[in-house]
Amino acid sequence: PPTPVPPTPTPAVTTVTHRDAKIAFTSNRDGNTQIYLMNTDGSSQTRLTNNQAQDVGPAWSPDGMKIAFASNRDGNYEIYVMNADGTGATRVTNHQASDIGPSWSPDGMKIAFASDRDGNDEIYVMNADGTGVTRLTKRHAPDIEPSWSPDGMKIAFTSFGSSSYAIYVMNADGTGVTRLTNTRGADRNPSWSPDG
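Just so it is clear, the structure is predicted and the values come from calculations on it, not from any experiment.

The subject of this paragraph is the overall build of the chain. Scanning the chain from terminus to terminus reveals zero helices and 15 strands. Scored against the burial criterion, the 196 residues of the chain give a buried share of 40%. Intrachain contacts of the chain at a sequence separation of at least 6 include 24% that bridge at least 24 residues. Roughly 11,200 Å² of accessible area belongs to the chain as shown, and the carbon and sulfur atoms make up 51% of that amount.

Encoded structure:
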């Protein structure tokens, strides 16, 4: 007799709820732009940063323990990392150029960012502690607003083409740059869906 074929297992679906889920955002409600935190229903809005400079662009680490952001508190925009409660802010870039727009790799080991340190806005990547800075894009157009894919294999970004901003994607090592949008309008701020 033929050997019975076992049924195909059905994957288990796990729903994760985060009672402590938070949203980080920027606001100038207290006189200058700072980083704030709130619950997902808008309650318990709390100021995390408190200085005379501009703190912008918060980006959560994948484990939810850290927030990267850009600040001009030391004279020009640099990337900082702080604990999710606002303590322990540490500058992780140190360059006379502006470093902005941090985006964490899905494994939390790297941060992509934009910088004009080579005379033109380009996408760079570094270790989460600021070491190992590597330039990924080498275009004559401004490249900004990096966004890691959920699998860590790609980075989407914004670049200024011949007449407007467009969305591009590249491999996480900077190879294989491909333009995704081509309109007369400005296409900016790419963000990946959770399934990539």
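Residues Ala 112, Ala 114, Ile 123, Val 125, Leu 136, Ile 144, Trp 148, Ile 155, Phe 157, Ala 166, Tyr 168 and Met 170 constitute the largest nonpolar core, which totals 12 residues. If you list the elements that add at least two residues to this core, you get strand 9 (110-115), strand 10 (122-127), strand 12 (143-148), strand 13 (154-160) and strand 14 (165-171). Looking at this core, the element that brings in the most residues is strand 14, giving three residues. With sequence-adjacent residues up to four places away left out, Ile 144 is seen in contact with Ala 114, Asp 121, Ile 123, Phe 157, Thr 158, Tyr 165 and Arg 188.

Counted under the stated rule, the structure contains eight salt bridges. Ionic pairing is found between Asp 55 and Arg 73, a salt bridge with its closest N-O pair at 2.8 Å. In this pair, Asp 55 sits in strand 4 (residues 55-60) while Arg 73 sits in the loop between strand 5 (66-71) and strand 6 (78-83), placing the two residues 18 residues apart along the sequence. Residue Asp 55 is classed as buried on the basis of its relative accessible area, which comes to 0%. The exposure class of Arg 73 is partly exposed, given its relative accessible area of 30%. One salt bridge connects Asp 143 with Arg 139, and the closest N-O pair in it is separated by 3.1 Å. Judged by relative accessible area, Asp 143 falls into the buried class, the value being 0%. Through salt bridges with shared partners, one network takes in Asp 118, Glu 122 and Arg 135.

What follows covers the sheet that holds strand 2 (residues 34-39). Pairing is antiparallel across the open sheet formed by three strands, whose spatial order is 1-2-3. What marks the edges here is a single partner per strand, and that holds for strand 1 (22-27) and strand 3 (46-47). Where strand 2 and strand 3 come together, two bridges link them in antiparallel fashion. Among the inter-strand pairings, Leu 37 is bridged to a residue of strand 3, identified as Thr 46.

Calculation notes
- Residues numbered from 1 in each chain as written.
- Predicted model: local features only at pLDDT ≥ 70, side-chain atom pairs only at ≥ 80, totals over all residues.
- Heavy atoms only, no water.
- Helix = DSSP H or I, 4+ residues; strand = E, 2+ residues; numbered from the N terminus.
- Buried < 20%, exposed > 50% of the residue type's maximum accessible area, 1.4 Å probe, protein only.
- Contact = heavy atoms within 4.5 Å.
- Areas by Shrake-Rupley, 256 points an atom, 1.4 Å probe, with all protein chains shown as cover.
- Core = buried A, V, L, I, M, F, W, Y, C linked by side-chain atoms within 4.5 Å.
- Salt bridge = Lys/Arg side-chain N within 4 Å of Asp/Glu carboxyl O.
- Pairing = 2+ DSSP bridges.

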